[in-house]
Amino acid sequence: MSPESLSALSLSIRVALLATALNAAIGIPLAYLLARRRFPGKTAVDLLVTLPLVLPPTVTGFYLIVLLGRRGWLGGPLYSATGWSITFTWYAAVVAATVMALPLLVRTARAAIESVDRDLERAAHTLGRSEWRTALEVTLPLARNGIIAGLVLAFARALGEFGATLMLAGNIPGRTATVPLSIYTAVQTGESGEALGLVALLTGLSCAVLLVAGRLGARLH
Amino acid sequence: MGGPRTTPQSPPGSARLQVAIGKHLPGFALDVRWTAGDGVAVLFGPSGAGKSLTLACLAGLVRPDAGRIVLDDRVLFDAAAGVDVPPQRRRVGYVFQGYALFPHLSVAENVGFGLRDRPKAERARRVAEVIERLGLGGLEARRPAELSGGQRQRVALGRALAIDPALLLLDEPLSALDLPLRRALRDELRATLADLRTAAVVVTHDFTEAYRLGDRIVVYEDGRVVQAAPRSELLWQPASEAVARIMAIPNVLHGTVVKATPDRIQLRWRGQLLEAVNSPARAYLPPPDARLAFFIRPEYVRLIRKDRGLADPTHHMNVMHGTVVEEMDFGTTWMLRIRLDEPGEPAQGAFDLEVEVPHLVYEILEIERDRRWEFSIHRGSIHVLPG
């Protein structure tokens, strides 16, 4: 395998792991709030998180540029203050993958949390637990299977992300060219052998993720 | 349970728990007021009457719109004063319908769940004590899924009792069990509650259960309290026809008043002149010709033996004649449905009275063969229901 392919693979795995970690940090609390709390703007939050699931990834990527690009709402002030922009860095690939994977985790985890019997939470409250402790000790452990399934889906989605990554991070070999982007480049430049290798690698990796997740799920059930 | 009791003992007879709350939900309004002393109070009534909602308010899981809840001089809730003690600080043990045991925790972890603030050694001692007390020894490491229904109920009770609650709430504690187990556990639960001497509130829609478990019964209907009384008073003196119907008392009938005195009430029903005892406690004096509801307990109707000659007016009163038109075998007793000889529409569809006789009596009198009977009802067994 060429050094370019290896670098693409290592980048893809780094991006997917980091995106999954960010998903866990943002998505699990968000899923809990959507499942258990009523708050103003809940419908809007729900819609915003879910949109990347139905929009073309390039559209999501476009919004990310509007938000984070050098002239973006957040990226603009940051660029003028520090001279640094996230676009065309590997962090941009992480952001793109995180946003694209988030709805999969949030929807799966939310359904799992909603299926936890509320009397269990009420029992914990009468036994002295705050809502926060109840979530940590009762609700989330009981929703564990659904949350893990959601994280696996999020990881797989992050690993395969293409469109939004291309928009925000570009396709710079050795810096932002993840495996899916490298496959595209290889096909475009006629290096079909290189493409085939990467395709096989990504397919194998995805199968491994699904098998491990299946085992894990079976053991937890 | 061992250990010093921290609950101040109220003087006997005084109310330990005072409840007066209102809560409006879409399509339902709860507006109840009752008190309970030491011992077990049962909230009894049909499903959807607001019993479980009341428990949730007592535990602080649902916030009432109005009213006050006072437990042992501790104000748990007061809408006017803005007091609402959160469930975490009410020290109220709650046994949920279906038990709500934590499925991912062992029996010992479930029982010890409410003791997190205590030192480890004390927690272990308390868990061991409760497990011993409820006969759960040997099951400490089991998960709830590996327990029988009766064991689950005891774990739920143990988990609620471990925190040494000032008040114990039980929501349909037996409804998740099979019938044979249900009877055994009902009596076991009664013994446990009597031993504890913790004030307890039990919700049930089964009158037998209410009567077995409760010292005092609060009857709910449609979000309101229709009667609150010691259990024997409720059994013999339901406050109204509505209460009698909720209790599923058979033979709730309607007659017209002929004459009412503080001792007796004469009434006309299906062409018969009946005489009933007026309740000395609450003498009820309806005017003549007023419509009057009353009930006759099926086990207090006496069939008159035909081999003993004519009915003796000094022993038998309220004598009637009728035919058995239907009978039901309940194993140890028979329920006979009797239609009076009087012409006209029977009082209860195809029959006028339900009469319960023990199996032995059924055989001795050869009721299977003989369908026409003369029977009598003592005046003390006709219970007038104030309107």
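Positions within a chain are numbered from 1, following the residues in the order the chain's sequence is written. Chains and ligands are labelled by the order in which they are written, letters from A for the one and numbers from 1 for the other. Predicted model: local features are reported for residues with pLDDT of at least 70 only, side-chain atom pairs are reported and counted for 80 or more only, and whole-chain, interface and lining totals are derived from all residues. Each side-chain value is derived from all of the structure's non-hydrogen atoms; neither hydrogens nor water enter the calculation.

**Student:** I would appreciate a short explanation of the confidence of the model for chain B in the present structure.
**Tutor:** Close reading of the predicted structure is inappropriate where its pLDDT is low. All names here are of chain B. When the pLDDT values of chain B are averaged, the result is 89; 94% of them are 70 or greater. The quantity known as pLDDT measures the predictor's confidence residue by residue, on a range of 0 to 100. The contact definition used throughout considers only heavy atoms, calling two residues in contact when any of these lie within 4.5 Å. Considering only residues more than four positions removed or in separate chains, one finds that residues 1–12, a stretch of pLDDT under 50, has 21 contacts. Among the scores for the predicted complex, ipTM is 0.84 and pTM is 0.83.

**Student:** Would you explain the pairing of strand β20 (residues 372–377) of chain B in this entry?
**Tutor:** A regular strand carries its side chains on alternate faces of the sheet. Residues and elements named next belong to chain B. Sheet analysis places strand β16 (residues 301–303) next to β20, joined by three bridges and oriented antiparallel. Its bridge partner being in β20, V301 is matched across the sheet by I377. Pairing of strand β17 (residues 320–329) with β20 involves four bridges; the strand directions are antiparallel. Directly across from T323, in β20, lies its bridge partner R372. Two strands are counted as paired when DSSP detects at least two bridges linking them. Helix and strand assignments follow DSSP, with helices taken as H or I runs no shorter than four residues and strands as E runs no shorter than two, numbered in order from the N terminus.

**Student:** Quick question: what am I supposed to make of the layout of surface pockets here?
**Tutor:** Unfilled space is identified by rolling a water-sized probe across the atoms. Residue and element names in this part refer to chain B. Residues are said to line a cavity or pocket when one of their atoms sits within 4 Å of a point; the points come from a 1 Å grid over protein atoms alone, cavities being sets where a 1.4 Å probe fits but cannot get out and pockets being open sets with protein on both sides within 12 Å along at least five of seven lines. Grid points are joined across faces, edges and corners, and a volume is the space filled by probe spheres set on the points. Quantified by volume, the largest pocket comes out at close to 710 Å³. Every residue lining the largest pocket is counted, 23 residues in all, and those nearest its centre are D206, F207, T208, M247 and A248. Of all the secondary-structure elements, those providing two or more residues to the lining of the largest pocket are α5 (179–196), α6 (207–213) and β18 (333–340). Ten residue types, Ala, Val, Leu, Ile, Met, Phe, Trp, Tyr, Cys and Pro, are classed as nonpolar, four, Asp, Glu, Lys and Arg, as charged, and the remainder, Gly among them, as polar. Counted by class, the lining of the largest pocket contains 12 nonpolar, three polar and eight charged residues.

**Student:** For this particular structure, what's the right way to read the nonpolar core?
**Tutor:** A general tendency of soluble globular proteins is for nonpolar side chains to be buried together. All names here are of chain B. Counting 112 residues, the largest nonpolar core has L17 and W34 as its most contacted members. Start and end points for every domain follow an automatic or database-based domain assignment. Mapping this core onto the domain boundaries places at least three of its residues in each of domain 1 (12–242) and domain 2 (252–296). Once residues within four sequence positions are removed from consideration, W34 is found in contact with L17, Q18, V19, L43, T54, L58, V201, V218, Y220 and V225. Core analysis: the second largest hydrophobic core is formed by 30 residues, I265, L336, I377 and I382 among them. We define the nonpolar core as a collection of buried residues of types Ala, Val, Leu, Ile, Met, Phe, Trp, Tyr and Cys that are connected through side-chain atoms lying within 4.5 Å of one another. Think of it in three bands: residues with accessible area under 20% of the maximum for their type are buried, residues over 50% are exposed, and the middle band is partly exposed, with areas taken using a 1.4 Å probe on protein chains only.

**Student:** So what exactly am I meant to see when it comes to the environment of L151 of chain A here?
**Tutor:** Checked against the element boundaries, L151 of chain A lands in helix α8 (residues 144–160). Not counting the four nearest positions on each side in its chain, L151 of chain A is found in contact with T20, A24 and L105 of chain A.

**Student:** What should I look at first to understand the sheet that holds strand β2 (residues 28–36) of chain B in this one?
**Tutor:** Whenever strands of a sheet pair, they do so through backbone hydrogen bonds, lying parallel or antiparallel. All names here are of chain B. Read across the sheet, five strands follow the order β2-β1-β4-β5-β6 without closing on themselves; strand pairing throughout is antiparallel. Edge positions in the sheet fall to β2 and β6 (83–84), since each of these pairs with one other strand and no more. Across nine bridges, the pairing between strand β1 (residues 17–25) and β2 is antiparallel. Bridging across to β2, A20 finds its partner in R33.

**Student:** What's the story with the sheet that holds β18 of chain B in this structure? I'm lost.
**Tutor:** Residues and elements named next belong to chain B. With respect to topology, five strands assemble into an open sheet ordered β16-β20-β17-β18-β19, the strand pairing being antiparallel. If you trace the sheet from one side to the other, it starts and ends with β16 and β19 (353–358), each paired once. Direction aside, neighbouring strands of the sheet carry axes that sit 50° apart on average. Axis lines are fitted to C-alpha atoms, over the contacting stretch for helices. Their N-to-C directions set the angle, which ranges from 0 to 180 degrees.

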